[in-house]
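Working through the structure, step by step
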Amino acid sequence: MGFDYLMEAVGGVGCFQVTFIAFSLLSATLYASHVFLQNFSAHVIAHHCHLPLLSNETRWVNLTHQDVLKVFIPIGANQQPERCFRFTTPQWGLLTTNGTEVNLTEAAREPCSNGWTYDTSLFFSTIVSEWDLVCNLQDLLQLTQSVFMAGVLVGAIMFGRLADRFGRRTVIIWSYLQMSVAGTCAAFLPSLSCYCFFRFLTGMAVSGLQLSTVSLILEWMPLRGRTLAVSLPIQGFPLGQLLLAGVAYGIRDWRWLQFAMSAPFYLIFLLSWFIPESARWLILNGRTSEAVNSLRKVARINGKQEESKKLTVELVETHMKEASRMTPSTSLLDLVRTPGIRRISCCLVLIWFSSSLGFYSLALDLQNFGLNVFLVQVCFGILDIFITQSSISAMDFFGRQMSLSFCLVTAGLLNLANIFVPQGMKMVRTALATVGKGCFSGAIAVMFTFSGELYPTAIRQTGLGFLAMIARVGAMVAPVIPMIASHVSFLPAVIIGTMAITAGLSAYTLMETRNSTLLDTVEEMEIS
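Cut-offs and rules
- Residues numbered from 1 in each chain as written.
- Predicted model: local features only at pLDDT ≥ 70, side-chain atom pairs only at ≥ 80, totals over all residues.
- Heavy atoms only, no water.
- Helix = DSSP H or I, 4+ residues; strand = E, 2+ residues; numbered from the N terminus.
- Expected span 1.5 Å × (residues − 1).
- Bend = angle between axes of the 7 residues up to and from the residue.
- Phe/Tyr/Trp six-rings, centres within 6.5 Å; stacked < 30°, edge-to-face > 60°.
- Buried < 20%, exposed > 50% of the residue type's maximum accessible area, 1.4 Å probe, protein only.
- Lys NZ or Arg CZ within 6 Å of the ring centre and 35° of its normal.
- Contact = heavy atoms within 4.5 Å.
- Axes fitted to C-alpha atoms, helices over the stretch in contact; angles between N-to-C directions.
- Parallel < 35°, antiparallel > 145°, perpendicular 65-115°, else oblique.
- Left-handed = near helix turned anticlockwise from the far one by under 90°.
- Nonpolar A, V, L, I, M, F, W, Y, C, P; charged D, E, K, R; others polar.
- Salt bridge = Lys/Arg side-chain N within 4 Å of Asp/Glu carboxyl O.
- Disulfide = S-S within 2.5 Å.

Examining helix α7 (residues 139-166)
Compared with an ideal rise of 1.5 Å per residue, which puts 28 residues at 40 Å, α7 spans 39 Å between its outermost C-alpha atoms and is within 8% of the ideal. At glycine 155, α7 shows its strongest bend, of approximately 30°. Where α7 ends, the next residue or the one after it, glycine 167, has phi of about 110°, a positive value.

Put into structure tokens, the structure is as follows:
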């Protein structure tokens, strides 16, 4: 009985559900690309100080570009031209065979005072070359990604409440509009502050789409097929990485790349008007007649013409009486009120934060691997698809507890192993990081299902909303982690690896929920 009976009456898993899940997967693929966009739009292009205008003196005539660089730009520890300093005076002695007449002291160098020259062979333009986010301004680069993740965090808090008040459909439609407009404005407005502001709004829209879409899928799916329906849109993240790599390979200017990834949302915004509102949400908010119209619409799409005519307000109210007896909790205190729930909440907070921190720390730092960023992005995406799907399948064979723990502990060990791999072994370092990130992706896929099954029905929505917020905090902190490497090179790997292993071991303290009936109340949880 209840709403599941109504769902079976309008066709169960029918044409509407399949179409909406496919639409959600396409949408997730596109908005996931915005999460990883700065891997390309914020790529740090090779650069050096602007060279002075050369006179027509005889000694300049036969000099190559490399000779001019040698005269004006010091060579750094990596045997490449310094990016932030130049010689105060031309060092002609460096052009001789031995260069013994040159005394290369610190006093002979000065910071770049008249800008930088950028190598445009890989990217024509990025936000780094646009606003000179190098040298003493390089920390602003990580800040721009943290601003985006802050938007995702704020969106999780704000749009979650708005979806409960105004409906899932309303928030989804608005989020698509916000995504398209904010993405376009970020592409073409002239200042860094404007770029950060509209990237913040884009992050909010990503969060609004994620949470509301998952809620709408759950509320339009019958019990059978619900796990698969929720897990499929998760594959949008690795697919988005693959899509982004292809588009970025063809579009090497950051403004047009930003616009290219935002423009499709104008069309998706128009299509989203055809999405019916959640009938369950309408009923629980006393709008039963509108719920009947939504149910009839879904029944017609599923080919249940006769059943749609039988749906009445009285019939719906009769079947929803049993489902509405329990009022879900909206207080965060309920997540720590009793010992059993408190233990679950503490473990899940550690797991969600560690998984998000590890995933985004690796996913947003492609350039650090020293290989072709397009190739690394593709490898990340392909392996994420394989490991994510394997993790989802493993839940039914080995259980949620073991699958989650294995993914997190393996990811942590691989991160720690990278500390001992020399910087010159780029392929090995990239391979370890790629598999490690894939394991984090697999852990994220498992913990969505596992967390929903651990919390009883009375506080399930409150618990999942709070955990989503914790994950956003981890994502917001992630872009700052690489900044630590400039002080202690191995510390980021130690932080990520240690937290992942600790979180993986803590998963063994949670009860296994495979093949278990979902609990409805906190009291049932404490007894079990």
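That was the structure; now back to the text.
Brief notes about the packing of aromatic side chains
If you walk through the whole model with that rule in mind, you get 18 aromatic pairs. Centre to centre, the rings of phenylalanine 36 and phenylalanine 359 are 6.1 Å apart; their planes meet at 70°, and the pair counts as edge-to-face. Placement of phenylalanine 36 in the loop between α2 (15-35) and α3 (38-41) and of phenylalanine 359 in helix α18 (residues 339-363) is noted, with a sequence separation of 323 residues between them. No difference in accessibility class separates phenylalanine 36 from phenylalanine 359, as the two residues are buried. Pairing phenylalanine 197 with phenylalanine 198 gives two aromatic rings, centres 5.1 Å apart and planes at 75°, and the pair type is edge-to-face. Looking at phenylalanine 197, the relative accessible area reads 45%, which means it is partly exposed. Members of the aromatic cluster, joined through ring pairs, are Phe36, Phe237, Phe359 and Tyr360. Sitting above the plane of the tyrosine 249 ring, arginine 252 keeps its charged end 4.7 Å from the centroid.

So, the side chain of arginine 199
Looking at the element boundaries, arginine 199 is found in helix α9 (residues 192-219). The class of arginine 199 is buried, set by a relative accessible area of 0%. Arginine 199 has contacts with His34, Leu37, Gln38, Gln145, Phe148, Ala186 and Gln258, leaving out every residue within four places of it along the chain.

Description of the packing of helix α20 (residues 400-417) against helix α21 (residues 426-454)
To describe two helices that pack against each other, one gives the angle between their axes and the distance between the axes. Two numbers describe how α20 lies on α21: the axes approach to 8 Å, and their chain directions differ by 155°. Overall, the two elements α20 and α21 adopt an arrangement that is roughly antiparallel. Crossing angle aside, the handedness with which α20 passes α21 is left-handed. Between α20 and α21, the contacting residues are Arg400, Gln401, Ser403, Leu404, Cys407, Leu408, Thr410, Ala411, Leu414, Asn415 and Ala417 on the first element and Leu432, Val435, Gly436, Cys439, Phe440, Gly442, Ala443, Val446, Met447, Thr449, Phe450 and Glu453 on the second. Along the lines of polarity and charge, the residues of the contact of α20 with α21 split into 14 nonpolar, seven polar and two charged.

As for the pattern of salt bridges
Summed over all chains, the structure comprises two salt bridges. Across the pair glutamate 130 and arginine 255 runs a salt bridge, and its minimum N-O distance is 2.8 Å. With glutamate 130 in helix α6 (residues 127-131) and arginine 255 in helix α12 (residues 254-262), this residue pair connects regions lying 125 residues apart in the sequence. Of the residues examined, glutamate 130 reaches a relative accessible area of 34% and is grouped as partly exposed.

Thoughts on unusual backbone geometry
One non-glycine residue with positive phi stands out, namely aspartate 132, at about 50°. Here aspartate 132 shows up in the loop between α6 and α7. Its relative accessible area of 26% is what places aspartate 132 among the partly exposed residues. Despite not being glycine, cysteine 135 shows a phi value in the positive range, around 55°. Of note, cysteine 135 is situated in the loop between α6 and α7. Judged by relative accessible area, which is 14%, cysteine 135 ranks as buried.

What to know about the state of the cysteines
Within this structure, the stated rule accounts for two disulfides. Across the disulfide from cysteine 49 sits cysteine 112; the S-S distance is 1.7 Å. With the S-S dihedral at roughly -70°, the linkage between cysteine 49 and cysteine 112 falls on the left-handed side. Of the two residues, cysteine 49 sits in strand β1 (residues 47-49) while cysteine 112 sits in the loop between β3 (109-111) and β4 (116-118), which places them 63 residues apart along the sequence. When its relative accessible area of 0% is taken as the criterion, cysteine 49 is described as buried. What pairs with cysteine 84 in a disulfide is cysteine 135, and their sulfur atoms sit 2.0 Å apart. Between cysteine 84 and cysteine 135, the S-S torsion sits near -100°, and that sign places the bridge as left-handed. With cysteine 84 in the loop between α5 (65-72) and β2 (85-87) and cysteine 135 in the loop between α6 and α7, the pair connects residues that are 51 residues apart, well separated along the chain. Left unpaired, cysteine 196 is separated from the closest cysteine sulfur, that of cysteine 194, by 9.5 Å. Classification of cysteine 196 as buried rests on a relative accessible area of 15%.

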